[in-house]
Amino acid sequence: MPSPTQEIFDITASTYDADRAKLIPCYDAFYRRTTDLIPAAAMRILDLGAGTGLLATFVRSWYPQAHIHLMDVSEPMLACARTRLGDDRNVTFEVADYMTAALPAEQDAIVSALSIHHLTDPDKRALFAKIFAALRPGGVFVNAEQVAGPTPALDAIYKSLWLQQVREAGATPQQIADSLYRQQDDRCASVEDQLDWMRDVGFSDADCWFKDNRFAVLAGTRP
């Protein structure tokens, strides 16, 4: 049976890209910082929860010689990614749940954008260990994520400020409603907790490299 997360993204796949630029106030800096953290010589890159291929498109533009493997549980989302990335032989696609599917080994980088926050906290920790094992020594994990505030009060401020920002950016009532619909399955965790979990499974130099309200880019290296 499809999970609630899969059903939500299957339903909203066709409008997801148009929505995202309006619903991430720090859109350009958020994605640029993510690609900046991938090792310059990376040749094998895995994109978890790749969705419509938006992050993979940015990665491809900066790492044209790398092989990029996109994995996502939603077939409609990956159908959009296939259309976006065309017949590039160095891009492959897999419809799979990255929590249960085997991850390709010896990756130079594993990236993810706005996906892992749908997992429970124990599943996030388990996934971080799985990612660590799939990286080669020196490989980097980069997670561009929606995060919770470190306290309930700050989390409420994050959400209120986000609504103000996206309205000022011109997001339509329907775009906001669709985003709130997708958020019903969110299980965001704080930056501090996620960095601790990354360090616990063995990542070195785990740090937050970018943060703007609810949006953060975390990265760590497999020694």
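It should be emphasised that the depicted structure is a prediction, and the values quoted were computed from it without experimental measurement.

## Observations concerning helix 7 (residues 152–168)
Because an α-helix packs 3.6 residues into every turn, residues spaced three or four apart end up facing the same way.
Right, on to step 1. With 17 residues, helix 7 should reach 24 Å at 1.5 Å per residue; the first-to-last C-alpha distance of 25 Å fits that figure.
Right, on to step 2. Residue glycine 170 follows helix 7 closely and has a positive phi angle near 100 degrees.

## Some details on the packing of helix 6 (residues 121–134) against helix 9 (residues 191–200)
Right, on to step 1. Running from N to C, helix 6 and helix 9 cross one another at 40 degrees; their axes reach a closest spacing of 9 Å. One element, helix 6, and the other, helix 9, form an angle in the oblique class. Crossing hand, helix 6 versus helix 9: right-handed. In this structure, helix 6 uses Asp121, Lys124, Arg125 and Phe128 to contact helix 9, whose residues at the interface are Gln194, Trp197, Met198 and Asp200.
Right, on to step 2. Its residues placed into classes, the contact of helix 6 with helix 9 shows three nonpolar, one polar and four charged.

## Quick word on unusual backbone geometry
Right, on to step 1. Notably, glutamate 106 is not glycine yet its phi reads approximately 55 degrees, a positive angle.
Right, on to step 2. Relative to the elements of secondary structure, glutamate 106 occurs in the loop between strand 3 (91–95) and strand 4 (107–113).
Right, on to step 3. In this model, asparagine 213 sits at a positive phi of 60 degrees, which is unusual for a non-glycine residue.
Right, on to step 4. Of note, asparagine 213 is situated in the loop between strand 6 (204–212) and strand 7 (215–221).

## Digging into the packing of aromatic side chains
Any two aromatic rings considered together are summarised by their centre-to-centre distance and by the angle between their planes.
Right, on to step 1. This structure, assessed with the given rule, holds nine aromatic pairs.
Right, on to step 2. Considering the side-chain rings of tyrosine 27 and phenylalanine 58, the 6.3 Å spacing of their centres and the 70 degrees angle between planes classify their relative orientation as edge-to-face. With tyrosine 27 in helix 3 (residues 27–36) and phenylalanine 58 in helix 4 (residues 54–62), the pair connects residues that are 31 residues apart, well separated along the chain.
Right, on to step 3. Taking the relative accessible area as the measure of exposure, tyrosine 27 reaches 17% and is therefore buried.
Right, on to step 4. Judged by relative accessible area, which is 26%, phenylalanine 58 ranks as partly exposed.
Right, on to step 5. Joined through ring pairs, the aromatic side chains of Tyr27, Phe30, Tyr31, Phe58, Phe210 and Phe215 make up one cluster.
Right, on to step 6. For the cation-ring pair, arginine 214 lies above tryptophan 162, with the distance from its terminal atom to the ring centre recorded as 5.2 Å.

Rules behind the numbers
- Residues numbered from 1 in each chain as written.
- Predicted model: local features only at pLDDT ≥ 70, side-chain atom pairs only at ≥ 80, totals over all residues.
- Heavy atoms only, no water.
- Helix = DSSP H or I, 4+ residues; strand = E, 2+ residues; numbered from the N terminus.
- Expected span 1.5 Å × (residues − 1).
- Axes fitted to C-alpha atoms, helices over the stretch in contact; angles between N-to-C directions.
- Parallel < 35°, antiparallel > 145°, perpendicular 65-115°, else oblique.
- Left-handed = near helix turned anticlockwise from the far one by under 90°.
- Contact = heavy atoms within 4.5 Å.
- Nonpolar A, V, L, I, M, F, W, Y, C, P; charged D, E, K, R; others polar.
- Phe/Tyr/Trp six-rings, centres within 6.5 Å; stacked < 30°, edge-to-face > 60°.
- Buried < 20%, exposed > 50% of the residue type's maximum accessible area, 1.4 Å probe, protein only.
- Lys NZ or Arg CZ within 6 Å of the ring centre and 35° of its normal.

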